[in-house]
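The lines below spell out each chain.
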Amino acid sequence: MIKPIKSNIAFTNNNSQAPIEKKKFDVAQTYQKVKKGATDIAKDVITTVNMGGGAIDGIRDGVIVTGATAMLAKAVKASKEEKGLKVLGTIVGNITKDAWNGVKGTLSWGKRLLTEDKATYKHLGEIFKLPKKFYSEYMKNNKLIAGVATALGVGVFGFRLLQGKIKANDQKAQLDHRTNQGHI
């Protein structure tokens, strides 16, 4: 059974108009609202800039760590058949060869970017093909090395992103304290 709701609200038709009370314009309150709005916008910009910078740094550093780890581990793996100082020679030789191939490829891409009449976005699109080339050609038959290198690169990316967030929070706290709003 449904019970009726008991309420003290009376619904009556009251035609008498009560005088509407006008609020006075409060300069201090309006100033606080404007200051809070402007500070919130500035904090959003701070977060965007620092998180974006952290992401860019993370991508750069993650790619470097992934590539260096893969290059070093692949060179060490290739030297497992050697004995004595030949191990060191093989490692240094493989790292030098792989690094030179990377520099050569980068310079070749830069030259094509500047001299070919192809649209710039097509040249930049070649960058997005690099991960596939890295895993299918360079790291072929080295899946464990590729996995470890990728995990390290992702870890570096996450660390840089976290650094960006911490930096943004610090700057937002400074902004809040300088505007006497308190940081939450």
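Residues numbered from 1 in each chain as written. Predicted model: local features only at pLDDT ≥ 70, side-chain atom pairs only at ≥ 80, totals over all residues. Heavy atoms only, no water.

Section: the overall build of the chain
Check the secondary structure of the chain and you find five helices and zero strands. For the chain, the sequential pattern of α-helices and β-strands runs α-α-α-α-α. For 184 residues, the compact-globule estimate of 2.2 N^0.38 gives 16 Å, and the chain exceeds it by more than 25% at 31 Å. For the chain, the spread of C-alpha atoms along the principal axes amounts to about 100 × 55 × 40 Å. Considering the chain as a whole, with its 184 residues, one finds that 19% of them fall into the buried category. Long-range contacts, defined here as pairs at least 24 residues apart, represent 67% of the contacts in the chain between residues at least 6 apart. When the accessible area of the chain is evaluated, it comes to approximately 14,800 Å², of which 65% is carbon and sulfur surface. (Helix = DSSP H or I, 4+ residues; strand = E, 2+ residues; numbered from the N terminus. Rg over C-alpha atoms; globule rule 2.2 N^0.38 Å. Buried < 20%, exposed > 50% of the residue type's maximum accessible area, 1.4 Å probe, protein only. Contact = heavy atoms within 4.5 Å. Areas by Shrake-Rupley, 256 points an atom, 1.4 Å probe, with all protein chains shown as cover.)

Remarks on a nonpolar patch on the surface
Judged by side-chain polarity, Ile41, Val45 and Val49 come together as a nonpolar surface patch covering roughly 290 Å² of accessible area. For valine 45, the position within the fold is in helix H1 (residues 27–78). Residue classification places valine 45 among the partly exposed residues on the basis of a relative accessible area of 47%. (Patch = residues over 30% accessible without salt bridge, like charges linked within 9 Å, V, L, I, M, F, W, Y side chains within 5 Å. Salt bridge = Lys/Arg side-chain N within 4 Å of Asp/Glu carboxyl O.)

Concerning the confidence of the model for the chain
Scored by pLDDT, the chain has a mean of 86; 91% of the residues are at 70 or more. When mean pLDDT is taken per element in the chain, helix H5 (residues 143–178) scores highest with 94 and helix H3 (residues 120–125) scores lowest with 77. (pLDDT = per-residue confidence, 0-100.)

As for the packing of H1 against H5
Contact geometry of H1 with H5 gives a least axis separation of 6 Å together with a crossing angle of 160 degrees. What the angle tells us is that H1 and H5 run roughly antiparallel. Of the two possible hands of crossing, H1 and H5 adopt the one that is right-handed. Counted by class, the contact of H1 with H5 contains 16 nonpolar, 12 polar and 10 charged residues. (Axes fitted to C-alpha atoms, helices over the stretch in contact; angles between N-to-C directions. Parallel < 35°, antiparallel > 145°, perpendicular 65-115°, else oblique. Left-handed = near helix turned anticlockwise from the far one by under 90°. Nonpolar A, V, L, I, M, F, W, Y, C, P; charged D, E, K, R; others polar.)

Here we look at the environment of asparagine 169
Counting through the fold element by element, asparagine 169 comes out in helix H5. Once the C-alpha coordinates of asparagine 169 and proline 4 are considered, the two residues, 165 residues apart in sequence, prove to be 52 Å apart.

Notes on the pattern of salt bridges
Taken as a whole and judged by the stated rule, the model has seven salt bridges. Across the salt bridge formed by aspartate 40 and lysine 43, the nearest N and O atoms sit 3.9 Å from each other. In this pair, aspartate 40 and lysine 43 are both assigned in helix H1, three residues apart and thus about one turn of the helix distant. With a shortest N-O distance of 3.3 Å, aspartate 176 and lysine 43 are connected by a salt bridge. Placement of the pair is aspartate 176 in helix H5 and lysine 43 in helix H1, with a sequence separation of 133 residues. Residue classification places lysine 43 among the buried positions, given a relative accessible area of 17%. Among the charged side chains, a network of salt bridges with common partners joins Lys36, Asp40, Lys43 and Asp176.

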